[in-house]
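# Observations on the three-dimensional arrangement
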Amino acid sequence: MTTPAGAGAGFGSVSWWGLSPALDLQAESPTVDPDLQADTEHGTPQLDVLLLGSVDGRHLLRTLARAELWSPRRFRFYVLENNLEAVARHMLIFSLALEDPEKMGLQERSEAFLEVWGNTLLRPPVAAFVRAQADRLAHLVPEPDSLAEQLPWISLGALKFRERDALEAVFRFWAGGEKGPEAFPMSRLWDSRLRHYLGSRYDARRGVSDWDLNMKLHDRGARVIHIREFRRWRDTGVAFEFRDSSAYHVPNRTLASGRLLSHCGERVAARGYWGDIATGPFVAFGIEADDENLLRTSNGQPIKTAGEITLHNVTELFRALTAWGRPRASQGNPVEVPGEEDGTRQPALAPASFTIYFLPLHSSQTLHHKTCYKGQFQLLYVACGMAHLLSPELGACVAPGGHLIVELARYLVDLRQEQLQVFTARVVELAQAAGFAPQPGARPSETFARFYKSRDSAPVSTDSVAEPGPPTPEVLVPPPGIVDLLPEVLVSPHEAKNPLSEDLTQPLQGRMPPPVPIQLSSESQVPFSEALAPPTGSQTSKPESDWIARNQVPHL
């Protein structure tokens, strides 16, 4: 695909942040009758949510932060990702968000969260915190009893043993098992990705950044992103700078991931940065705010930047999470807390609890085989990079009357407007084929598509879907017009390999056959040395690869 910014490969093969604002999942879920959906063990209604490709936990954090605005409810979040590094980041982010306020203050937590989440380089104190937490999590992952005792809101029971071993290896790398910045030379890797992405336009990268920001992101609603912060992120990968720029020099190892490359005719695993270098982490928390004053303009220009709005939103979110973790007199079951005057213990009300269940990689098409998942979820969230997984098999996991939210590709700067419209239309087709219909009265949105499952939807036959064979062409195979329009977008997700999985080269049973052969072309066989070093002058104009993001760019 040819765009003003280059070859259209700016989203890599791994997603580290979302491309849509954070949602309150309670506001998106159907109303539940407490008498019908009460948790018999705890006596409170329960909300079961399945999230595919949420990557950064923003929806979960916002849902928990706004829980006090709703009736008491227990939350069970089921998270399915395409790579174990994203699972590890989920665990690290929640460990940071729920850190004891006495150990880490609110401002320190907010700044550390944003640096770990969206910066390629960290300050030494933040890097030390990441190493300490990673070492702790590396010891907890293989010890289920200790994990349940120290982090009761995390459940890894559904992961396969090899996935848990690989998850432990990810944490050990973060903890510094391989010493020194050369173990992950982030600045070199970022520049290498940028050179491949821009090609001959590399010397004009400032003009490319201006074009993408003003003609793409601003026109699509992200006007608060300032040109200075966007240029800085495009050049260095540092999106949020709270101190002097010289303070940021430690590579952020949580952005490292593996990929299969060709070296001397063989496929070898290489560690590098394969994430987004086109849009940036500003959309998730930085373009919307509950406080409308943050979005005011003066002389046609926003008075606050996306970085400032992001810091404010995350700080308020963490403030609410701190209160959410304490007993409240407005919700929950009675517990005893010390009295204010005489020191006696008075009844108060405890907050609802939550649990995050991490599901095995690539299990979206087999969940319905288990009775514990079939018809279980009141809400299904699908990221734009996982929309190709929307199928009748996945729809069978949603309860009648449940809701479906699909993230659209609005903020993918390498997609043209007509391609966005085709993508939206294809999402509607897949949702209807999976048994959903557009929500009546839903507010129009270019960022999310909202559907519901009618209560008289025909269930999917487990016997029929259990047999191997290609899926129905009219449901999962894109029509020729879309193939011609979006050749890169429709590449099979199996081309973006995860070296931590054992069945990398085998397509999952019952999944869509790739529209193109999984064989690598000569242009996509990136030499192993290019994963760890910038390209030479002769390589500058060569596209990085033809592999398309498995978790960011749509694969319909």
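See the structure shown above.
Everything numeric here is computed off the predicted structure, so don't read it as measured data.

## Some points on the packing of aromatic side chains
- Taken as a whole, this structure holds 21 aromatic pairs when the rule is applied.
- A centroid spacing of 5.3 Å and a plane angle of 40° characterise the contact between Trp190 and Tyr273, whose relative ring orientation is tilted. With Trp190 in helix α8 (residues 186-198) and Tyr273 in the loop between β7 (266-272) and α11 (283-286), this pair connects stretches of sequence that are 83 residues apart.
- In this structure Trp190 comes out as buried when scored by relative accessible area, which is 1%.
- Taking relative accessible area as the criterion, Tyr273 reaches 1% and is therefore assigned buried.
- Geometrically, the ring pair formed by Phe230 and Trp233 is tilted, given 6.2 Å between the ring centres and 40° between the ring planes. Of this pair, Phe230 and Trp233 both sit in helix α10 (residues 227-236), three residues apart, roughly one helical turn.
- A residue is classified by how much of its surface remains accessible, and Phe230, at 0% relative accessible area, is buried.
- Among the aromatic residues, those joined into a ring-pair cluster are Trp17, Phe113, Trp117, Trp190, Phe230, Trp233, Phe240, Tyr273, Phe282, Phe285 and Phe318.
- We note Arg164 situated over the ring of Phe161; from NZ or CZ to the ring centre the distance is 4.9 Å.
- For Arg259, the ring lying beneath its charged end belongs to Trp274, and the centroid distance is 4.7 Å.

## Focus: the pattern of salt bridges
- Under the defined criterion, the tally for this structure stands at 19 salt bridges.
- We note a salt bridge from Arg76 to Asp48, for which the minimum N-O separation is 2.8 Å. One end of the pair, Arg76, is in strand β2 (residues 74-80); the other, Asp48, is in strand β1 (residues 46-52), with 28 residues separating them in the sequence.
- By relative accessible area, Asp48 is classed as buried at 3%.

## Observations regarding the side chain of Asp56
- Inspection of the secondary structure puts Asp56 in the loop between β1 and α2 (58-65).
- Here the side chain of Asp56 touches Gly18 through a polar contact of 3.0 Å, landing on its backbone nitrogen.
- For Asp56, the contacting residues outside a window of four places in its chain are Trp16, Trp17, Gly18, His90, Ile93, Trp117 and Ala284.

## Considering unusual backbone geometry
- In this structure, Val55 is a non-glycine residue whose phi angle is positive, near 60°.
- You can call Val55 buried: its relative accessible area is 2%.
- Backbone geometry places Cys264, a non-glycine residue, at a positive phi of 55°.
- For Cys264, the location among the structural elements is in the loop between β6 (257-263) and β7.

## Points about the pairing of β1
- In terms of residue burial, β1 counts as a mostly covered element, since seven of its seven residues are buried.
- Side chains of β1 alternate between two faces, with Gln46, Asp48, Leu50 and Leu52 and Leu47, Val49 and Leu51 buried alike.
- As paired elements, β1 and β2 share seven bridges and run parallel to each other. When the bridges of β2 are listed, Leu52 appears paired with Leu80.
- Crossover β1 to β2 through α2 is right-handed.
- Judged from the four bridges that link them, β1 and strand β13 (residues 377-382) form a sheet pairing that is parallel. What sits directly across from Leu52, in β13, is Val382.

## Concerning helix α14 (residues 417-433)
- Taking 1.5 Å as the rise per residue, α14 with 17 residues should run 24 Å; its terminal C-alpha atoms sit 25 Å apart, in good agreement.
- For α14, every residue scored as buried is listed here: Gln419, Leu420, Phe423, Arg426, Val427, Leu430 and Ala431. Around the axis of α14, the buried residues are gathered within 135° of arc, so they sit on the same side.
- Positive backbone phi, approximately 100°, marks Gly435, located one or two places after α14.

## Description of the packing of helix α3 (residues 84-97) against helix α4 (residues 106-118)
- Interaxial distance between α3 and α4 falls to 10 Å at its minimum, and their mutual angle equals 170°. Judged on the interaxial angle alone, α4 and α3 are roughly antiparallel. Considering only the axes of α3 and α4, their crossing is right-handed. For the pair α3 and α4, contact is made by Arg89, Leu92, Ile93, Leu96 and Ala97 and by Arg109, Ala112, Phe113, Val116 and Trp117, respectively.
- Split by residue class, the contact of α3 with α4 holds eight nonpolar, no polar and two charged.

Each value, and the rule that gives it
- Residues numbered from 1 in each chain as written.
- Predicted model: local features only at pLDDT ≥ 70, side-chain atom pairs only at ≥ 80, totals over all residues.
- Heavy atoms only, no water.
- Phe/Tyr/Trp six-rings, centres within 6.5 Å; stacked < 30°, edge-to-face > 60°.
- Helix = DSSP H or I, 4+ residues; strand = E, 2+ residues; numbered from the N terminus.
- Buried < 20%, exposed > 50% of the residue type's maximum accessible area, 1.4 Å probe, protein only.
- Lys NZ or Arg CZ within 6 Å of the ring centre and 35° of its normal.
- Salt bridge = Lys/Arg side-chain N within 4 Å of Asp/Glu carboxyl O.
- Polar contact = N/O pair within 3.5 Å; in protein donor to acceptor, adjacent residues only side chain to side chain.
- Contact = heavy atoms within 4.5 Å.
- Pairing = 2+ DSSP bridges.
- Right-handed = clockwise from strand over helix to strand, strands pointing away.
- Expected span 1.5 Å × (residues − 1).
- Arc of directions from axis to C-beta.
- Axes fitted to C-alpha atoms, helices over the stretch in contact; angles between N-to-C directions.
- Parallel < 35°, antiparallel > 145°, perpendicular 65-115°, else oblique.
- Left-handed = near helix turned anticlockwise from the far one by under 90°.
- Nonpolar A, V, L, I, M, F, W, Y, C, P; charged D, E, K, R; others polar.

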